[in-house]
Number of protein chains: 2
Amino acid sequence: MISQEAKKKFLGIVGEKNYLDSKQSLVAYSYDATPNYQALPDAVLKPRNTQEVSEIVKVCNEYKIPIVPRGNATNLCAGTCPLEGGIVLIFNHINQILEIDEENLTVTVQPGLITLDMINAVEAKGLFYPPDPSSMKISTIGGNINECSGGLRGLKYGVTRDYVIALETVLPNGNIIRTGGKLAKDVAGYDFTRLMVGSEGTLGVITEATFKLIPMPEAKKTMLALYDSLESAGRTVSKIIANKIIPTTLEFLDQPTIRVVEDFAKIGLPTDVGAVLLIEQDGPIEVVEKDINRIAEICEEEKALSVQVAQTVEEGTALTTARRSALSALARLKPTTILEDATVPRSKIAEMVREIEEIAKRNNVQICTFGHAGDGNLHPTCMTDARDKEEMHRVEIAFEEIFEKAIELGGTITGEHGVGVMKSPYLAWKLGEEGVEAMKTLKLAFDPNNIMNPGKMFAKESRKRVVVTR
Amino acid sequence: MISQEAKKKFLGIVGEKNYLDSKQSLVAYSYDATPNYQALPDAVLKPRNTQEVSEIVKVCNEYKIPIVPRGNATNLCAGTCPLEGGIVLIFNHINQILEIDEENLTVTVQPGLITLDMINAVEAKGLFYPPDPSSMKISTIGGNINECSGGLRGLKYGVTRDYVIALETVLPNGNIIRTGGKLAKDVAGYDFTRLMVGSEGTLGVITEATFKLIPMPEAKKTMLALYDSLESAGRTVSKIIANKIIPTTLEFLDQPTIRVVEDFAKIGLPTDVGAVLLIEQDGPIEVVEKDINRIAEICEEEKALSVQVAQTVEEGTALTTARRSALSALARLKPTTILEDATVPRSKIAEMVREIEEIAKRNNVQICTFGHAGDGNLHPTCMTDARDKEEMHRVEIAFEEIFEKAIELGGTITGEHGVGVMKSPYLAWKLGEEGVEAMKTLKLAFDPNNIMNPGKMFAKESRKRVVVTR
């Protein structure tokens, strides 16, 4: 609940036009892309600049009102669902490209900017921003920073955190700090810039960001390899890396996913194959050709059933359809699609996928797995129905077993989707109680009233480790 | 002072052999590579494992004893000088390579390992750890992490923070946490891994680290270009980048440095030139040749007096001598050498160097400037005599003016040397009072008794901004 007094202060800051509290507005901002989570905020605010954000935060502190900073809510961890009410902060007015600096290879933007708009703008100048989350057509760059978004190029180029070099942040006390700069080297003080990346709106509101860019790669080639077995595909991945080749993209679909994708997209994939690898390399043309040829050889050596190298850009795009349409294809099978992102060291991919298959069978749930084989970031995806409580319970058990196995293999519960509400009960499995305690220490120090995105990352109750009986 | 009771506890943890408090030992650990700072610790402890580190930290907390974690103390910010006494923690027993993982391209090490030993070990397997701080023959990898060390390859490959992917840390309360993993993608919780990098021992003791590695570049070429003027060299740097070429190394010497280097190393540099650029490119051989040829053209276009491309590895090494011997050459001129590392956006290099020359002249001090032109990380180096109080005062004023100018140009007070004691009075110039306050909030939350490397990063008294009268 927002008191009349607090509301009056908010109106004084952003004006009537930028303070929404109609039922319709509240419903529109009550959920994100995560199935099964919904809660109404008390109001939606559209600040017009950093100063207004700072003033809003101060009012929230005074009246203990939760703040959920929200981009376009494409996240899959219920990270922007306003579970405890309060205000949702949106950035429709703070969404500009402020500068593309071609001398220092940087771009400076505001958080409400759509990721793809930024990518297109820098590419028009021959510059390259590698992180390419699947949601990039809709997601905002502020959301990407808060979630430390990944994408298909993580193996070679890293993720959002590897490109953020400066931030302007409004801290929970309303202070505005500027950290980093257009600098490859800067060790003046604690690394607040990287600390904010992936902090999911729990430590402050990001109001401006500078990214480093790199020159646009000269060329790109795409290939698709089909395999009889998961293990052959897994060995191919290991052997490519062992040959000291780091492809841009090294994506993987398992058999259940292949079937669904073919049924959906009709691209001529044989549905009886055990696994598909989609591989891309970019860089100087000589290097791309050399690498793609060597990769094709490796695929053959590892008994690929077929290896297809795209000869044109259009052919390349056609090959990537299989991977790019995986989620859409899966999503139409059942009312509810739960997309997870357990991640393991690259060498453990085949073992993990095999284990996921067994876990699905054991719990009698339907799980298809695809994802980023090159960086070990898998997306086991469960097609289910949220209304079926009994099945949902089995789905939950299955994912718990998947998280447990990922951690056993040296992996993590989330590679790129974030903790949010979804994975907060499992965070201690990865970090230990001491790790979660350290996070709480930090959170409490900066946000003693717990106004910043409360209920996220920190679970009300942690899940005990599952005792998996095999 | 360490009470008998506390000493007894320390002895119980590490044993007599690993507890040093003879006068000789204390003097040996009373200083680091920074001129003009010295203070005796009360004892020097050599823990044998993480558990012992944790127990030591707990005792220090109980008795409020300062802890200074120390590698080989090559830092230039007085970061490991035990200013407030207490114990110096050294890692002679915790200095092993634990694993080189060729499948996941990672190396896991203990903090006491010499940087170059790690580099040699991974290179023997065809793998590459790019950060190459000048001190790497002596420095420890734990020191590199605590200072977020840079080096000559920052432009293309980044710095220490860009390679640390997992850490084991003993927090100031004695808790042991493990963060990150052999994972390109991991968003499970706050990024403590990167927060620890560059925290200068003020937030905990790092006891294990995993670095990501990349495949060893196939080839490398080196070239040297001489210029009449600083501005031509600066324009060359900008034009190389504008041509979308990112060299591995793009180093710079100004005229005063060239003179001193030639006098010292007798490598045949003409002492009347205005600036020297040392440029290296690595990668696949075709790319290296193409890039080096284009760079040579750019140097000519920008009126280089001479451009020399090394034809062999030996010739390449000879060319790098000029840059590598700069500090040694300068150091023999006067009793005290103060090496600073003000950093600016790459596009501002020429302007900054010109300004440094004027500041030196105005304050009647001798400053030579060399450094990493490609990433804007300059090393203005002052040859002086610490015993001459009046001159030292002018030196201090000159460096203050340099810091102020760097910040005015969008730069920072320290690119790779750290804050330590040296630059703590100026930290607020870069971060603002609100930024320093945020750092204090974090420090206090984790280390309420201020036992971890006290007196570093946080100044007892901040310097007011200089009013530069021009």
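Criteria and cut-off values
Starting from 1, residues in each chain are numbered consecutively following that chain's sequence as written. To label them, take the chains in the order written and letter them from A, then take the ligands in the order written and number them from 1. For a predicted model such as this one, the threshold for reporting local features is a pLDDT of at least 70, and the threshold for listing and counting side-chain atom pairs is 80 or more; totals across whole chains, interfaces and linings nevertheless cover every residue. In computing side-chain properties, one takes all heavy atoms of the structure into account and sets aside hydrogens as well as water. Starting at the N terminus, helices and strands are each numbered in turn, a helix being any DSSP run of H or I of at least four residues and a strand any DSSP run of E of at least two. To estimate the expected span of a helix, subtract one from its residue number and multiply by 1.5 Å. The buried label applies to any residue whose accessible area, calculated with a 1.4 Å probe on protein chains only, is under 20% of its type's maximum; exposed applies above 50%, and partly exposed to all values in between. For the purposes of these results, a polar contact is taken to be a pair of N or O atoms within 3.5 Å, where, inside protein, one atom must be able to donate a hydrogen and its partner to accept one; residues adjacent in sequence count only when each atom of the pair is a side-chain atom. A pair is scored as a salt bridge if a Lys or Arg side-chain nitrogen falls within 4 Å of a carboxyl oxygen belonging to Asp or Glu. In this description, contact between two residues means that some pair of their heavy atoms is separated by no more than 4.5 Å. One requirement defines pairing of two strands: DSSP has to find at least two bridges between them. Angles shown run from 0 to 180 degrees and are taken between the N-to-C directions of axes, each axis being a line fitted to C-alpha atoms and, for helices, limited to the stretch in contact. As annotated, the domain borders come from an automatic or database domain assignment. Once two parts are put together, the accessible area they lose, assessed with a 1.4 Å probe and summed over both, is termed the buried area. Superposition of the copies was done by least squares, using only C-alpha atoms of residues whose pLDDT is at least 70 in both. Pairing of aromatic side chains here covers Phe, Tyr and the six-membered ring of Trp, requires ring centres within 6.5 Å, and sorts the geometry by plane angle: under 30 degrees stacked, over 60 edge-to-face, intermediate tilted. Criterion for a charge above a ring: Lys NZ or Arg CZ within 6 Å of the ring centre, and within 35 degrees of the ring normal. UniProt positions are given in the numbering used here, feature names are shortened, and annotations may be inferred rather than shown by experiment. In this analysis the local bend is the angle between axes fitted, respectively, to the seven residues ending at and the seven residues starting at the residue. For classification, angles of less than 35 degrees are called roughly parallel, those exceeding 145 degrees roughly antiparallel, those between 65 and 115 degrees roughly perpendicular, and all remaining angles oblique. Should the near helix be turned counterclockwise from the far one by less than a right angle, the crossing is left-handed, whereas a clockwise turn marks it as right-handed.

Moving on to helix 3 (residues 50–63) of chain A. Residue and element names in this part refer to chain A. Here helix 3 contains 14 residues, and its C-alpha end-to-end distance of 20 Å stays within 8% of the 20 Å for a straight helix at 1.5 Å per residue. T50, E52, V53, S54, I56, V57, V59, C60 and N61 are the residues of helix 3 that are buried. A distance of 3.2 Å separates the backbone nitrogen of Q51 from a side-chain oxygen at the start of helix 3, and that oxygen is part of N49.

So, on to the pattern of salt bridges. One pass over the full model with this rule turns up 76 salt bridges over all chains. A salt bridge links R235 of chain A to E302 of chain A; the shortest N-O distance between them is 3.0 Å. Taken together, the residues span a long stretch of sequence, with R235 of chain A in helix 8 (residues 230–242) and E302 of chain A in the loop between helix 10 (285–301) and strand 15 (304–309) at a distance of 67 residues. In this structure, D282 of chain B engages K156 of chain B in a salt bridge whose closest nitrogen and oxygen atoms are separated by 2.8 Å. Taken as a pair, D282 of chain B in strand 14 (residues 275–283) and K156 of chain B in helix 6 (residues 154–157) lie far apart in primary sequence, 126 residues in all.

This part takes up the side chain of T160 of chain B. Position of T160 of chain B among the secondary structure elements: in the loop between helix 6 and strand 8 (164–170). Leaving out residues up to four positions away in the same chain, T160 of chain B has contacts with Y129, P131, N144, I145, C148, S149 and F211 of chain B.

Next up on the list: the sheet that holds strand 9 (residues 176–180) of chain A. Residue and element names in this part refer to chain A. Spatial ordering of the open sheet is given by 5-6-10-8-9, a layout of five strands whose pairing is antiparallel. The sheet is open, and its two borders are formed by strand 5 (97–101) and strand 9, each paired with just one other strand. Pairwise comparison of adjacent strand axes, ignoring direction, gives a mean angle of 10° for this sheet. In the sheet, strand 8 (residues 164–170) pairs with strand 9 via five bridges, with the strands oriented antiparallel. Paired with V170 across the bridge in strand 9 is I176. Relative to strand 8, helix 3 is tilted by about 50°, and along the sheet it contacts strand 8, strand 9 and strand 10 (205–212).

In this section: the domain arrangement of chain A. Residue and element names in this part refer to chain A. Under the domain assignment, chain A is made up of domain 1 (4–90), domain 2 (97–215), domain 3 (219–328) and domain 4 (333–417). A separation of 32 Å is found between the C-alpha centroids of domain 1 and domain 4. Each side of the interface is counted separately: domain 1 has four residues, and domain 4 has six residues. Summing both sides of the interface, domain 1 and domain 4 together bury roughly 400 Å²; the carbon and sulfur share of this comes to 66%. Among the residues of domain 1 in contact with domain 4, P35, N36 and L76 are the three that bury the most area, contributing 87% of the side total.

Next up on the list: the relation of the copies chain A and chain B. With an RMSD of 0.0 Å, chain A superimposes on chain B once it is rotated by 180° and translated 0.0 Å along the axis. Read as a symmetry element, the transformation amounts to a two-fold axis. Interface overlap between copies: 99% of the residues of chain A at the interface are likewise at the interface in chain B, consistent with a symmetric, same-surface contact.

On inspection of all chains with the given rule, the structure shows 18 aromatic pairs over all chains. On the basis of an interplanar angle of 70° and a centroid distance of 5.9 Å, the ring pair of Y129 of chain B and Y163 of chain B is categorised as edge-to-face. Of this pair, Y129 of chain B sits in the loop between strand 7 (127–128) and helix 5 (141–147) while Y163 of chain B sits in the loop between helix 6 and strand 8, and the two are 34 residues apart along the sequence. Comparing Y129 of chain B with Y163 of chain B shows no difference in burial state: the two are buried. Following the ring pairs from residue to residue traces out a cluster consisting of F399, F403, Y426 and W429 of chain A. The aromatic ring of Y163 of chain A is capped on one face by K212 of chain A, whose charged end is 5.7 Å from the ring centroid.

Time to look at the UniProt feature "domain: FAD-binding PCMH-type" (unreviewed entry) in chain A. UniProt annotation of "domain: FAD-binding PCMH-type" (unreviewed entry) refers to residues 37–216 of chain A when read in the numbering used here. Counted over residues 37–216 of chain A, helix gives 22% and strand 24%. Its end C-alpha atoms are 39 Å apart.

All names here are of chain A. As summarised here, the arrangement of the four strands in space is 1-2-4-3, forming an open sheet in which the pairing is mixed. Of all the strands in the sheet, just strand 1 (19–20) and strand 3 (67–70) have a single pairing partner and so form its edges. The sheet contacts of helix 3 involve strand 2 (43–45), strand 3 and strand 4 (87–90), and relative to strand 4 the element is tilted by about 170°.

This brings us to helix 15 (residues 427–446) of chain B. Residues and elements named next belong to chain B. Taking 1.5 Å per residue as the helical rise, helix 15 with its 20 residues ought to reach 28 Å, whereas the 20 Å between its terminal C-alpha atoms falls clearly short. E433 marks where helix 15 bends most, by close to 85°. Taken residue by residue, helix 15 has L427, A428, W429, K430, L431, G435, V436, A438, M439, L442, K443 and F446 as its buried positions.

So, on to the packing of helix 8 of chain A against helix 10 of chain A. Residues and elements named next belong to chain A. Remark: helix 8 packs on helix 10, axes separated minimally by 9 Å, with the N-to-C direction vectors making an angle of 140°. What the angle tells us is that helix 8 and helix 10 run oblique. Crossing of helix 8 against helix 10: the hand is right-handed. Contact with helix 8, carried on its side by T236, K239 and I240, involves I295, I298, C299 and E301 of helix 10 and no other residues of that element.

Another point: the interface of chain A and chain B. Put simply, an interface is often sized by how much accessible area is lost when its parts join up. Every contact between the two is made by 80 residues of chain A and, on the other side, 79 residues of chain B. Interface area for chain A against chain B, summed over the two sides, is near 6,400 Å², with a carbon-plus-sulfur share of 60%. The largest share of the area that chain A buries against chain B comes from K185, V187 and Y190 of chain A, three residues that together contribute 16% of it. Summed over the shared surface of chain A and chain B, the number is 12 salt bridges. The salt bridge partner of E286 of chain A is K290 of chain B, with a shortest N-O separation of 3.9 Å. The tally of links between chain A and chain B comes to 33 residue pairs in polar contact (both at pLDDT 80 or more).

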